[in-house]
Amino acid sequence: MYGSDSVNVDSERTAFRRTEKKYKLYYDSNSKSSKKKKQPRPVDLSEVIDFKSISESFARNDDLPAGVSKLEYHFDSPVFCLDNCPGFYFIPAALSIEEQCKWIKESLVSFPQPPNRTNHNAFHGAIHDLLNAAKTKQMLVKDKTEPGEDNTIAVDVNIHNHRWACSEEFDSSVNGKSCESIPASVLLRKLRWSTLGLQFDWSKRSYNVSLPHNKIPDALCQLAKRMAAPAMAVGEEFQPEAAIVNYFGSGDMLGGHLDDMEADWSKPIVSMSLGCKAIFLLGGRSRNDEPLAMFLRSGDIVLMCGEARERFHGVPRIFTDMENAEIGSLEKQMSAEDDICYLEYIKTSRININIRQVF
Ligand SMILES: O=C(O)CCC(=O)C(=O)O
């Protein structure tokens, strides 16, 4: 989880850090010409576990590579486990293309809506209707008037006096006052996380139950319960209480960390991948343990519970190039005029929704 990765703890000498660096996006800097497009440095992906091809080969001939088994569980998609990592489950292509589109849209439209918090809260306060503002080319106009001064455009005069304005109309000196503006499209690109249900306080690294919040939407709860089932004890049902939505752009990564703020680690974290393909690293209890690398594609679900929750994990790379992103089905599904803004976003992004039972 964000904030738990400390450079002091995780020196570059650890096996986890070395593997992160192996897969991280670097650009080749051999070209001096600014006209030439920067090229990502090629990376050897031969050791990355590919559950899509494992699933395909299993469907063809019941064949599984050493160390991988299929859970004996009646489910729509096969559920794979790693023999040396109890509590880790991988369900390739668990979400239909329609479900993927639905959750991409929700992640951009309703999940960042207040009272849900986002990384923008700290600097800009609660921002409403970000996707719509980006679609209609608006700017977030921040009035620099000091708190307490007369302020005609303020919505929250104490800290975050801002509003949306059309780019064409915007004049940096409104009514003689000095204003600062940020295009909504830039804020959308810089969206890194939003939190649903019980709100997570990143500064204290704990859930703050006193922060205003809405319950996790029912459809997402139902989906999480269904997906969590293979990892639940017989007769128990997963109770989704909080979710963190991570937004990744090209070059973004999520450093090695543990998710250790929930009370009962026997309950799984349900983690869904949407958009561009990524590499997930599953390490051990120590950052010195060599992590396994695996591909995460749009529609894949990962469950982590029990012993697996004690393992460092992270996402060092997302692939935004045409060849590797593997979002062809999303492109087809989102070709309608109304969906263009979502498609434009997801073509170069990845979204992860991870759902948790907190108590
Ligand atoms: O993006 C992912 O797939 C992993 C997310 C994660 O590990 C987290 O939010 O704790």
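Per an unreviewed UniProt entry, the recorded name for the protein chain is Fe2OG dioxygenase domain-containing protein, and the organism is Mikania micrantha. Checking UniProt for the protein chain, the heading Sequence similarities (unreviewed entry) contains the comment "Belongs to the alkB family."

**Concerning the overall build of the protein chain**
Counting its secondary structure elements, the protein chain contains 10 helices and 21 strands. Out of the 359 residues in the protein chain, the part that is buried amounts to 51%. Look at the contacts in the protein chain between residues 6 or more apart in sequence, and 74% of them connect residues 24 or more apart. Carbon and sulfur atoms make up 49% of the accessible area of the protein chain, which totals about 17,500 Å².

**Quick notes on the nonpolar core**
Core analysis: the biggest nonpolar cluster contains 77 residues, and Phe88, Leu220, Ile351, Ile353 and Ile355 have the highest contact counts within it. Here this core takes 6 residues from helix 7 (residues 218-228), the largest share from any one element. Here this core gathers at least three residues from each of two domains, domain 1 (15-110 + 192-356) and domain 2 (120-189). Beyond its immediate chain neighbours, meaning those up to four positions away, Ile355 contacts Ile216, Leu220, Ala224, Phe238, Pro240, Ala242, Ala243, Pro268, Ile269, Val270 and Met272.

**Things to note about the site of the ligand**
Taken together, 14 residues form the shell around the ligand, and within it Asn246, His257, Asp259, Arg350 and Asn354 come nearest. Asn246 is positioned such that a nitrogen or oxygen atom in its side chain is 2.9 Å from an oxygen atom of the ligand. Look at the ligand: alone it shows 290 Å² of surface, and the protein chains cover 96% of it. Mapped by element, the contributors of at least two residues to the shell around the ligand are strand 14 (242-249), strand 15 (254-257), strand 20 (313-318) and strand 21 (349-356). The dominant element in the shell around the ligand, judged by the number of residues it contributes, is strand 21, at 4 residues. Here the shell around the ligand is built from residues that sort into 5 nonpolar, 6 polar and 3 charged.

**Quick word on the UniProt feature "binding site: Fe cation" (unreviewed entry) in the protein chain**
Following the UniProt record, the feature "binding site: Fe cation" (unreviewed entry) maps to His257, Asp259 and His313 here. A maximum C-alpha distance of 9.0 Å places the annotated residues, which cover 57 residues in sequence, within one compact spot. Considered against the largest cavity, the annotated residues that line it turn out to be His257, Asp259 and His313. Looking at the secondary structure, you find His257 in strand 15. A polar side-chain atom of His257 sits 2.8 Å from the main-chain carbonyl oxygen of Gly255. Mapped onto the elements, Asp259 comes out in the loop between strand 15 and strand 16 (269-275). Asp259 gets classed as buried once you look at its relative accessible area, which sits at 6%. A polar contact is formed between the side chain of Asp259 and the side chain of His313, at a distance of 2.9 Å.

**Digging into the pattern of salt bridges**
Taken as a whole and judged by the stated rule, the model has 21 salt bridges. Its salt-bridge partner being Lys22, residue Glu47 comes within 3.5 Å of it at the nearest N-O pair. Separated by 25 residues along the polypeptide, Glu47 in the loop between strand 2 (39-40) and helix 2 (51-61) and Lys22 in helix 1 (residues 15-23) bring together distant segments of the chain. The class for Glu47 is exposed, based on a relative accessible area of 56%. Across the salt bridge formed by Asp28 and Arg41, the nearest N and O atoms sit 3.7 Å from each other. With Asp28 in strand 1 (residues 27-28) and Arg41 in the loop between strand 2 and helix 2, the pair connects residues that are 13 residues apart, well separated along the chain. The exposure class assigned to Asp28 is partly exposed, which follows from its relative accessible area of 28%. Overlapping salt bridges bring together Asp50, Lys277, Arg297 and Glu326 as one network.

Conventions we followed
Residues numbered from 1 in each chain as written. Predicted model: local features only at pLDDT ≥ 70, side-chain atom pairs only at ≥ 80, totals over all residues. Heavy atoms only, no water. UniProt positions renumbered as here; feature names shortened; annotations may be inferred. Helix = DSSP H or I, 4+ residues; strand = E, 2+ residues; numbered from the N terminus. Buried < 20%, exposed > 50% of the residue type's maximum accessible area, 1.4 Å probe, protein only. Contact = heavy atoms within 4.5 Å. Areas by Shrake-Rupley, 256 points an atom, 1.4 Å probe, with all protein chains shown as cover. Core = buried A, V, L, I, M, F, W, Y, C linked by side-chain atoms within 4.5 Å. Domains from an automatic or database assignment. Near = heavy atom within 4 Å. Polar contact = N/O pair within 3.5 Å; in protein donor to acceptor, adjacent residues only side chain to side chain. Nonpolar A, V, L, I, M, F, W, Y, C, P; charged D, E, K, R; others polar. 1 Å grid on protein atoms, 1.4 Å probe; cavity = no way out; pocket = protein on both sides within 12 Å on 5 of 7 lines; lining within 4 Å. Salt bridge = Lys/Arg side-chain N within 4 Å of Asp/Glu carboxyl O.

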